[in-house]
Amino acid sequence: DADDRKAVKALEKQLLQTEITQPAVLATDLALTRLLDAHGVRPDMVMGHSLGEYGALVAAGSLTLDSALEAVSARGHEMASLSMADNGAMAAVFGPLAEIEQIVRSVDGNVVIANINSNSQAVIGGATAAVATALQKFEAAGLNATRIPVSHAFHTSIVAPASEPLKVALRRLEVRAPVLPIVANVSGDFYPADADTELMLDILGRQVASPVQFVRGLHTLYDAGARVFVEVGPKKALHGFVEDVLGPTDDGVVALFTNHPKNGDVPSFNAALCGLWAAGLGF
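Residues numbered from 1 in each chain as written. Predicted model: local features only at pLDDT ≥ 70, side-chain atom pairs only at ≥ 80, totals over all residues. Heavy atoms only, no water.

A. Expanded view of the pairing of strand β3 (residues 111-116). Most of β3 is tucked away: 5 of the 6 residues are buried. Where β3 hands over to strand β4 (residues 121-126), the hairpin turn is made up of 4 residues, counted between the paired strands. Note that β3 and strand β7 (residues 212-213) share 2 bridges and pair parallel. Residue pairing for β7: I116 is matched across the bridge by Q213. (Buried < 20%, exposed > 50% of the residue type's maximum accessible area, 1.4 Å probe, protein only. Helix = DSSP H or I, 4+ residues; strand = E, 2+ residues; numbered from the N terminus. Pairing = 2+ DSSP bridges.)

This is the structure in structure tokens:
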């Protein structure tokens, strides 16, 4: 009941718990993927961002929907169950990537770039004190940096203990080699076409605590011939990363998003269909 503000607030707080967030976001990703499929829009190659890699694995034929939901539930559970003196912190930073990297290297303590998102935006993560120091340095340098409300510092060594239990959970879910080309966050390169189960498990196990190589992944897709990039999932952050990293090219890169609360669900999706039609795709 949207009028019950107390209940809404309590449920919104629950949605921030990673073991609930992850299956919810995966369901959104795959619902939009299926909706595009109903309009004749099917990917030639795929890439996810962090949790989104599991949606990409479903689209690439490596996981069934049921297995993917169980996998991200296990992923969220293993992360949420990590309890230590310092669960770490994360922050989004806006500015030239080279400058962000330089400032992070100057900080004493455990802090890394956890999401290498675009030429002008990244997410840092690590020990709480080290992240706080980095924030001070970013502010002194005139860069905009904001803490992100997360339970743990994802894609850093802090959550590395979740890797092995996750691999145990994934082992019984029959992860298969991809049918479509899919880029791995760990490397920013395609999964090997002949990847066996052990290699797939190794990549996904390392993904939890490794930086997301999204910029490199975009270049990998581009070099393989991708020119139309469609974000499936909530909001439009990845659409913005594509425009920032590949937008200046002169050979027809198109970036589209399919869902955004400010525009509305149906208008957002219809706008994406129009963009795809203009690019000669779908229907």
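B. Seen up close, the nonpolar core. Ranked by internal contacts, the top residues of the largest apolar core, which has 40 residues, are Y54, L57, L170, I182 and Y191. Put simply, the parts of the chain that give this core at least two residues each are α2 (18-38), α3 (52-59), α4 (65-80), β2 (89-94), α7 (163-171) and α8 (197-207). Per-element tally for this core: the top contributor is α4, with 5 residues. Residues within four places of Y54 in sequence aside, it is in contact with L26, L63, A68, A71, V72, R75, L166, L170, L204 and Q207. Counting 35 residues, the second largest nonpolar core, distinct from the first, contains L143, L218, A226 and F229. (Core = buried A, V, L, I, M, F, W, Y, C linked by side-chain atoms within 4.5 Å. Contact = heavy atoms within 4.5 Å.)

C. Focus on the pattern of salt bridges. Applying the stated criterion across every chain yields a total of 6 salt bridges. For the salt bridge of R216 with D189, the shortest nitrogen-to-oxygen distance reads 3.1 Å. Of this pair, R216 sits in helix α9 (residues 214-223) while D189 is found in the loop between β6 (182-183) and α8, placing the two residues 27 residues apart along the sequence. For R216, a relative accessible area of 45% corresponds to the partly exposed category. (Salt bridge = Lys/Arg side-chain N within 4 Å of Asp/Glu carboxyl O.)

D. Local environment of the environment of L65. Position of L65 relative to the elements: it lies in helix α4. Along the chain, L65 and A38 lie 27 residues apart, while their C-alpha atoms are 17 Å from each other. The residues touching L65, leaving out its near neighbours within four places in the chain, are L30, R34 and V58.

E. Geometry of the sheet that holds strand β5 (residues 144-148). If you walk across this open sheet you meet the 5 strands as β5-β2-β4-β3-β7, and the pairing is mixed. Both edges of this open sheet fall to β5 and β7, since each of them pairs with a single strand only. Sheet topology note: the β2/β4 ladder contains 6 bridges and is antiparallel. When the sheet's bridge partners are listed, A89 is paired in β4 with G126.

F. Quick peek at helix α11 (residues 265-278). With 14 residues, α11 should cover 20 Å at 1.5 Å per step; its first-to-last C-alpha distance of 20 Å lies within 8% of that length. Those residues of α11 that sit buried are S268, F269, A272, L273, G275 and L276. Buried residues in α11, looked at end-on, bunch into an arc of 160°, giving them a common side. Facing away from the buried side of α11 by more than 90 degrees, the exposed set consists of V266, C274, W277 and A278. Where the residues of α11 are buried, they touch α2, β8 (228-231) and β9 (254-257). Looking at the residues trailing α11, positive phi occurs at G280, about 85°. (Expected span 1.5 Å × (residues − 1). Arc of directions from axis to C-beta.)

G. Structural view of the packing of aromatic side chains. The final tally for this structure, using the stated rule, is 1 aromatic pair. Taken together, a centroid distance of 6.0 Å and an interplanar angle of 70° make the contact between F214 and F241 edge-to-face. Separated by 27 residues along the polypeptide, F214 in helix α9 and F241 in helix α10 (residues 237-246) bring together distant segments of the chain. The side chain of R227 reaches across the aromatic face of Y222, ending 3.7 Å from its centre. (Phe/Tyr/Trp six-rings, centres within 6.5 Å; stacked < 30°, edge-to-face > 60°. Lys NZ or Arg CZ within 6 Å of the ring centre and 35° of its normal.)

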